[in-house]
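Structural characterization, general
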Amino acid sequence: MSNLKKIKSALISVFHKDGLEAIVKQLDHLGITIYSTGGTENFIKNLGINVVPVEDVTSYPSILGGRVKTLHPKVFGGILNRQENESDIQELKEYNIPQIDLVIVDLYPFEKTVASGASEQDIIEKIDIGGISLIRAAAKNFKDTVIVSSMNQYPDFLELLENKKGETSLSDRKKLAAKAFNISSHYDTAIFNYFNEEETTLKISESQSITLRYGENPHQKGYFYGDLNAMFDQLHGKELSYNNLLDVDAAVNLINEFAGELPTFAILKHNNACGFAQRETVYKAYVDALAGDPVSAFGGILITNTKIDKQTAEEIHQLFCEVVIAPSYEEEALNILQEKKNRIILIQKPTTVSKQTIRTALNGYLVQDKDQATDSIKNLSYATTKKPSERELEDLLFASKICKHTKSNTIVLVKNKQLCASGTGQTSRIDALKQAIEKSTSFKFSLNGAVMASDAFFPFPDCVEIAANAGITSVIQPGGSIKDQLSIDFCNKNNLSMVVTGIRHFKH
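Right, let's walk through the structure included here. As the structure is a prediction and not an experimental result, all values here were calculated from the model. (Residues numbered from 1 in each chain as written. Predicted model: local features only at pLDDT ≥ 70, side-chain atom pairs only at ≥ 80, totals over all residues. Heavy atoms only, no water.)

1. Side note on the overall build of the protein
So the rule is basically this: Each helix is a run of H or I in the DSSP string that is no shorter than four residues. Each strand is a run of E no shorter than two, and both are numbered from the N terminus. A contact between two residues is defined here by any heavy atoms of the two lying within 4.5 Å. By the counting scheme adopted, Arg and Lys are positive, Glu and Asp are negative, and His together with the chain ends is not counted. Every charge is mapped to an atom, namely NZ of Lys, CZ of Arg, CG of Asp or CD of Glu.
Helix and strand content of the protein: 18 helices and 23 strands. In the protein, the share of contacts with a sequence separation of at least 24, taken over all contacts with a separation of at least 6, comes to 56%. Averaging the locations of the 55 positively and 62 negatively charged side chains of the protein gives two centres separated by 3 Å.

Structure, rendered in structure tokens:
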């Protein structure tokens, strides 16, 4: 027997009516009986198209302020009956239940209502009961029933109606059923996460996704789940890759530490800052950030907290870089940057991001709060007899912010709000420091008067001794080692200042 089925009747009850008119008119053109209720019924009537009120089928009006409209055996029997089951056919006749071949239903905008800051009562009223039940019923019975569960499906469904003249294949119906269960599960997840306060169950659902060119390497598949358009306007360039997105995430997290401050520029490679500076102008900030490591900057990610002007764009244009991110661009600057065909140019928009990080581990997931603690003067303890100067104190806090966003073990060296170098991702803190000193020396930085930031405590005084020999005069670190005093004593004897934050910033 053919799996093609002719739609003869439809139930339509939707919250969003944009795009519905063309479908209703096509259904009417095909001679399909339409059942509806409430605002959708009035919408169809106003189009001059015949519609059968659901109340005429159920003999019950909409009750409880519209909370109960379609929850009735005559509605669900019409949707859930198995059209090749003789018992079901007889029961439809016995109870005078109309066959319903097509259900077009969407859901109340629960997530948008929550996001709007509405009252709890308004949010509760946006928990759909009838709609979600109709969607699940029609999707379950996909062998006989067609379900259209979102206005986003209207264009494709209209094309299907027109091309097949009201007929659908089993494949058509199953695909629409899958979309319906995707929508219903996402909706229920959003409701659960709104109510959940126990933090013992992890439920994640993202309805938007992008298929990437590949994952971390060409032989790996890659996907991004989320709404990038809410965070960026892409003005130019190729599609963002998996690795681009990891670097962009690191860049955004870092630059957000400097929101509202003087022009600040960061250059990142493999999630770590290789160049960073804050200056009176964005041009000077970029030039000094690039000076921190012009070699690693090749193919890097550039980000700033202020508008990029023409002068800065001319400098950037001399560098091969994958991505440039800024809150805005001068028109002339944008024209210059767009001369490289593949260069990705993004405008970063204000948006809310997750306060948690989630990653796979072993046969499950690791979830934690994001490190939102930013060191400030308020949480500093002065560990040494000598206190840092005002300039050193500013550099220490500046270095600490960079350190927080650098892979552990890390040491960050800063002078005059410019990153001189960092040691990143080392198995030993001494190795991280030696790497940073060697790197800064190779790029002709003088570390006399520079400051050092560490993401974790010093178990021995070896690091502060190496730092002092390199010319570093002040140190910021979390403290917490049972041998803290050894490092403090060395600093006191050698005229270094040290501040302790009490907050560790591991980043694995």
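2. A look at the sheet that holds strand 20 (residues 419-423)
Selection criterion: Two strands are said to pair when DSSP picks up at least two bridges between them. Comment: axis = line fitted to C-alpha atoms, over the contacting stretch for helices; angle = value between 0 and 180 degrees taken between N-to-C directions.
Read from one edge of the open sheet, six strands run 18-23-22-21-19-20, paired in mixed fashion. With partners counted over all chains shown, the strands left at the sheet margins are strand 18 (381-382) and strand 20, one partner each. Bridge count between strand 19 (residues 411-414) and strand 20: four bridges; the pairing is antiparallel. From the neighbouring strand, V414 faces strand 20, where its bridge partner is L419. Packed on one face of the sheet, helix 15 (residues 390-404) meets strand 18, strand 19, strand 20, strand 21 (451-454), strand 22 (474-477) and strand 23 (497-500) and runs near 35° to strand 21.

3. Examining the packing of aromatic side chains
Note on aromatic pairs: each is described by the distance of the centres and the angle between the planes. Note the cut-off: We call Phe, Tyr and Trp rings a pair once their centres come within 6.5 Å, taking the six-membered ring for Trp, and we label the pair stacked below 30 degrees between planes, edge-to-face above 60, and tilted otherwise.
If you walk through the whole model with that rule in mind, you get ten aromatic pairs. When the centroid spacing of 5.0 Å and the interplanar angle of 45° are considered together, the rings of F298 and F320 count as tilted. Residue F298 is found in the loop between helix 12 (282-291) and strand 13 (300-304), and its partner F320 is found in the loop between helix 13 (310-316) and strand 14 (321-326); the two are separated by 22 residues along the sequence. Three or more aromatic residues link up through ring pairs in this structure, and these residues are F110, Y187, Y194 and F195.

4. Notes on a nonpolar patch on the surface
Keep this limit in mind: Nonpolar side chains (Val, Leu, Ile, Met, Phe, Trp, Tyr) within 5 Å and like charges within 9 Å form the patches, drawn only from residues with over 30% relative accessible area and no salt bridge. Under the convention used here, a 1.4 Å probe and the Shrake-Rupley method define accessible areas, while residue burial counts only the protein chains that appear. Counted as salt bridges are all cases of a side-chain nitrogen of Lys or Arg within 4 Å of a carboxyl oxygen of Asp or Glu.
A surface patch of nonpolar side chains, about 480 Å² in accessible area, is lined by L202, I204, I358, Y365 and V367. Structurally, I358 can be placed in strand 16 (residues 356-361).

5. Regarding the pattern of salt bridges
As a reminder, the rule being used: Accessible area is worked out with a 1.4 Å probe on protein chains only. A residue is then buried under 20% of its type maximum, exposed over 50%, and partly exposed in between.
Counted by the stated rule, this structure contains 15 salt bridges. For E21, the salt bridge is made with K25, and the minimal N-O distance between the two is 2.7 Å. One end of the pair, E21, and the other, K25, are both in helix 1 (residues 20-29), four residues apart, so they sit about a helical turn from each other. Using a relative accessible area of 42% as the deciding quantity, one classes K25 as partly exposed. Its salt-bridge partner being K404, residue E257 comes within 2.6 Å of it at the nearest N-O pair. On the criterion of sequence distance, the pair formed by E257 in the loop between helix 11 (242-255) and strand 11 (264-269) and K404 in helix 15 is long-range, its members being 147 residues apart.

6. A word on the sheet that holds strand 12 (residues 272-278)
Two modes of strand pairing occur in sheets, parallel and antiparallel, and in both the strands are linked by backbone hydrogen bonds. Spatial ordering of the open sheet is given by 10-15-14-13-11-12, a layout of six strands whose pairing is mixed. Of all strands in the sheet, those bounded by a partner on one side alone are strand 10 (232-236) and strand 12. Between one strand and the next, the sheet's axes are offset by a mean angle of 20°, whatever the strand orientation. In this structure, strand 14 lies alongside strand 15 (residues 344-348), joined through four bridges in parallel fashion. Its bridge partner lying in strand 15, V324 is registered against I345. Of the strands in this sheet, strand 10, strand 11, strand 12, strand 13, strand 14 and strand 15 are in contact with helix 11, which crosses strand 13 at around 30°.

7. Considerations on the pairing of strand 17 (residues 364-369)
A small share of strand 17 lies buried, amounting to zero of its six residues. As judged from the six bridges shared by strand 16 and strand 17, these two strands associate in the antiparallel manner. Bridge pairing in strand 17 places R359 opposite L366.

8. Observations regarding helix 16 (residues 429-442)
Applicable threshold: Each residue after the first adds 1.5 Å to the expected span of a helix. What the arc measures is the spread of directions leading from the helix axis to the C-beta atoms.
In this model, helix 16 (14 residues) spans 20 Å end to end at C-alpha, consistent with the 20 Å of a helix rising 1.5 Å per residue. Of the residues making up helix 16, those classed as buried are R429, A432, L433, A436, I437 and S440. The buried residues of helix 16 occupy one face: seen down the axis, they fall within an arc of 130°. The elements touched by buried residues of helix 16 are strand 19, strand 20, strand 21 and helix 17 (462-470). Positive phi appears at K444, one or two residues downstream of helix 16, with a value of about 65°.

9. Some points on the state of the cysteines
Inclusion rule: We call a pair of cysteine sulfur atoms a disulfide whenever their separation is within 2.5 Å.
Tallied over the entire structure, the rule returns zero disulfides. Looking at the unpaired C463, the closest cysteine sulfur is the one in C491, lying at 11 Å.

10. Observations regarding the pairing of strand 14
For clarity, the threshold we go by: Crossovers are described as right-handed under a simple rule: with the strands pointing away from the observer, the path leading from the first strand over the helix to the second runs clockwise.
The buried fraction of strand 14 amounts to six of the six residues, a majority that puts the element mostly inside the structure. Two elements, strand 13 and strand 14, share four bridges in a ladder whose sense is parallel. The partner of I303 across the bridge, within strand 14, is I325. Taken together, strand 13, helix 13 and strand 14 constitute a β-α-β crossover, and its handedness is right-handed. Traced from strand 14 through helix 14 (residues 331-337) to strand 15, the parallel crossover comes out right-handed.

11. Here we look at the packing of helix 17 against helix 18 (residues 484-493)
This is how it is decided: For classification, angles of less than 35 degrees are called roughly parallel, those exceeding 145 degrees roughly antiparallel, those between 65 and 115 degrees roughly perpendicular, and all remaining angles oblique. Should the near helix be turned counterclockwise from the far one by less than a right angle, the crossing is left-handed, whereas a clockwise turn marks it as right-handed. Gly falls in the polar group here, along with every residue not listed as nonpolar (Ala, Val, Leu, Ile, Met, Phe, Trp, Tyr, Cys, Pro) or charged (Asp, Glu, Lys, Arg).
Following both chains from N to C, one finds helix 17 and helix 18 inclined at 25°, their axes separated by 8 Å at the closest point. When the axes of helix 17 and helix 18 are compared, the pair comes out roughly parallel. The interaxial crossing formed by helix 17 with helix 18 has right-handed handedness. On helix 18, the residues that touch V464, E465 and A468 of helix 17 are S487, F490 and C491. Taken together, the residues that form the contact of helix 17 with helix 18 break down as four nonpolar, one polar and one charged.

12. What about the environment of L380?
Relative to the helices and strands, L380 is located in the loop between strand 17 and strand 18. L380 sits 121 residues away from T501 along the chain, and the two C-alpha atoms are 4.8 Å apart. Sequence-distant contacts of L380, defined by excluding residues within four places in its chain, comprise L393, L397, I476, V499, V500 and T501.

13. Observations concerning the side chain of S241
Positionally, S241 belongs in the loop between strand 10 and helix 11. With residues up to four places along the chain from it excluded, the contact list for S241 reads L212 and R213.

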